[in-house]
Amino acid sequence: MAKLVPLFSSSKGNSYYLSGNGNAILVDAGRNAKQIENALFQNDLSMNDVGAILVTHEHIDHCSAIKVLAKRYALTVYGTKGTLEALFEQDKIDSKTKTEVIEDEVAIGDFGVIRVDTSHDARESCGYFITTPDMRKCSFVTDTGFLMQSAKEALKMSNAAVIESNHDIEMLKCGPYPYILKKRILSSTGHLSNVDCAVELPKLVNAGLTRIILAHLSEENNKPDIALSTSKKSLDNAGFVMNKDYTMAVAPVETNGKYITF
Ligand SMILES: [Zn+2]
Ligand SMILES: [Zn+2]
């Protein structure tokens, strides 16, 4: 059985713990090291269980603890070539940080990791399709202006998925953000809206996805109940019943002790 614990999710910081058969990895580490250690502790977990860190891109909300954690626990940081170069240039990792480029796919211990494409205003952002040591499949697709083909395919093959549901389009348009920032978020290299997430979900549940985590919600331009109801409505309309055909939750800004198994 695989276990997925959302530790942090918002534009303030993102990090997920994924384990199976006693092995674990982190996807992103976008708070400081102490906060991530504490979040794991609150879930009766520890960085000592973690074998590697996967990073999706170089924006600070995904990588702020990477240099410290990699050094403290002698971990390798995995990412695309562009992301690792950007992290190095921005001093978010240094020459002592052990890194490995993910070209297409890589084995990390007993985890199989395939990168999937995301469309984001970063050097070479990606998401991940991960097969856990007990052969469960999980996708991480956040920070993407739209769902690209490889991401859609990965999500369809997944038992569990962390998928972006960043903003309610009307809240964003009417909200306090400056025009230039609104334009960035709404662009094809920005963030995925509630509606764009919701539209895709029936196809994914139909293909076998049963555990959905809506992630990277904007604190200004979204609310957990709006994200949830938008996606639930889309799945209702397709005839799928929540808590029977699938479960769905919002990844919390900070861990609330909840996790999923699959
Ligand atoms: Zn982000
Ligand atoms: Zn980003």
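Just above, that's the structure.
Rules behind the numbers
Residues numbered from 1 in each chain as written. Chains lettered and ligands numbered in written order. Predicted model: local features only at pLDDT ≥ 70, side-chain atom pairs only at ≥ 80, totals over all residues. Heavy atoms only, no water. Donors = N, O, S within 2.8 Å, 3.2 Å for Na, K, Ca; no water. Tetrahedral: all angles 85-135°; square planar, octahedral: opposite > 155°, others 65-115°. Salt bridge = Lys/Arg side-chain N within 4 Å of Asp/Glu carboxyl O. Helix = DSSP H or I, 4+ residues; strand = E, 2+ residues; numbered from the N terminus. Buried < 20%, exposed > 50% of the residue type's maximum accessible area, 1.4 Å probe, protein only. Axes fitted to C-alpha atoms, helices over the stretch in contact; angles between N-to-C directions. Parallel < 35°, antiparallel > 145°, perpendicular 65-115°, else oblique. Left-handed = near helix turned anticlockwise from the far one by under 90°. Contact = heavy atoms within 4.5 Å. Pairing = 2+ DSSP bridges. Disulfide = S-S within 2.5 Å.

Engineer: Looking at this structure, I do not really get the coordination of the zinc ion (ligand 2). What am I missing?
Structural biologist: Each angle at a metal carrying four tetrahedral donors should ideally be 109.5 degrees, and each at a metal carrying six octahedral donors should ideally be 90 or 180 degrees. Taken together, the protein ligands of the zinc ion (ligand 2) are His57 (NE2), His59 (ND1), His120 (NE2) and Asp143 (OD), with distances of 2.1 to 2.7 Å. Coordination at the zinc ion (ligand 2) is irregular, judged from the four donor atoms that bind it and the angles of 88 to 175° they form at the metal. Sequence spacing of the donors to the zinc ion (ligand 2): H-x1-H-x60-H-x22-D. Metal-to-metal, the separation of the zinc ion (ligand 2) and the zinc ion (ligand 1) is 3.4 Å; Asp143 coordinates the two.

Engineer: I keep staring at the coordination of the zinc ion (ligand 1) and nothing clicks. Help me out?
Structural biologist: Only Asp61 (OD), His62 (NE2), Asp143 (OD) and His216 (NE2) from the protein reach the zinc ion (ligand 1) as donors, at distances of 2.1 to 2.2 Å. For the zinc ion (ligand 1), the four donor atoms in the first shell make angles of 90 to 171° at the metal, so the coordination geometry reads as irregular. Considered as a linear motif, the donors of the zinc ion (ligand 1) on their single chain read D-H-x80-D-x72-H.

Engineer: When you look at the pattern of salt bridges in this model, what are you seeing that I'm missing?
Structural biologist: Pairing of side chains with opposite charge becomes possible as their charged atoms draw close. Going through the model one piece at a time under the given rule, you end up with twelve salt bridges. The salt bridge partner of Glu219 is Lys12, with a shortest N-O separation of 3.6 Å. Remark: Lys12 occurs in the loop between strand 1 (2-8) and strand 2 (15-20) and Glu219 occurs in the loop between strand 12 (211-215) and helix 9 (224-237); sequence separation between them is 207 residues. Look at Glu219 and you get partly exposed, because its relative accessible area is 44%.

Engineer: What is the right way to read the packing of helix 8 (residues 194-207) against helix 9 from this model?
Structural biologist: How two helices sit against one another is set out by the angle between their axes and by the gap between those axes. Contact pair helix 8 / helix 9: the axes reach a minimum separation of 8 Å and the direction vectors enclose 40°. With respect to helix 9, the element helix 8 is oriented oblique. Classified by chirality, the crossing of helix 9 by helix 8 is right-handed. Mapping the contact onto sequence places Asn194, Val195, Cys197, Ala198, Val199, Leu201, Pro202 and Val205 in helix 8 and Ile226, Ala227, Thr230, Ser231, Ser234 and Leu235 in helix 9.

Engineer: What is the right way to read the sheet that holds strand 14 (residues 260-261) from this model?
Structural biologist: Sheets are built from strands paired through backbone hydrogen bonds, the pairs being either parallel or antiparallel. Sheet architecture is open: seven strands sit in the order 6-5-4-3-2-1-14, paired in mixed fashion. The sheet is open, and its two edges are formed by strand 6 (98-101) and strand 14, each paired on a single side. Looking at chain direction, strand 1 and strand 2 are connected through six bridges and run antiparallel. What sits directly across from Lys3, in strand 2, is Ser19. Along the sheet face, helix 1 (residues 33-42) touches strand 1, strand 2 and strand 3 (23-27) and points at about 135° away from the line of strand 1.

Engineer: How should I be thinking about the state of the cysteines in this particular structure?
Structural biologist: Put plainly, a disulfide is one covalent bond tying together the sulfur atoms of two cysteines. Throughout the structure, instances matching the rule amount to zero disulfides. Free cysteine Cys63: the closest other cysteine sulfur is in Cys126, separated by 13 Å. For Cys138, which is in no disulfide, the shortest distance to another cysteine sulfur is to Cys126 and amounts to 14 Å.

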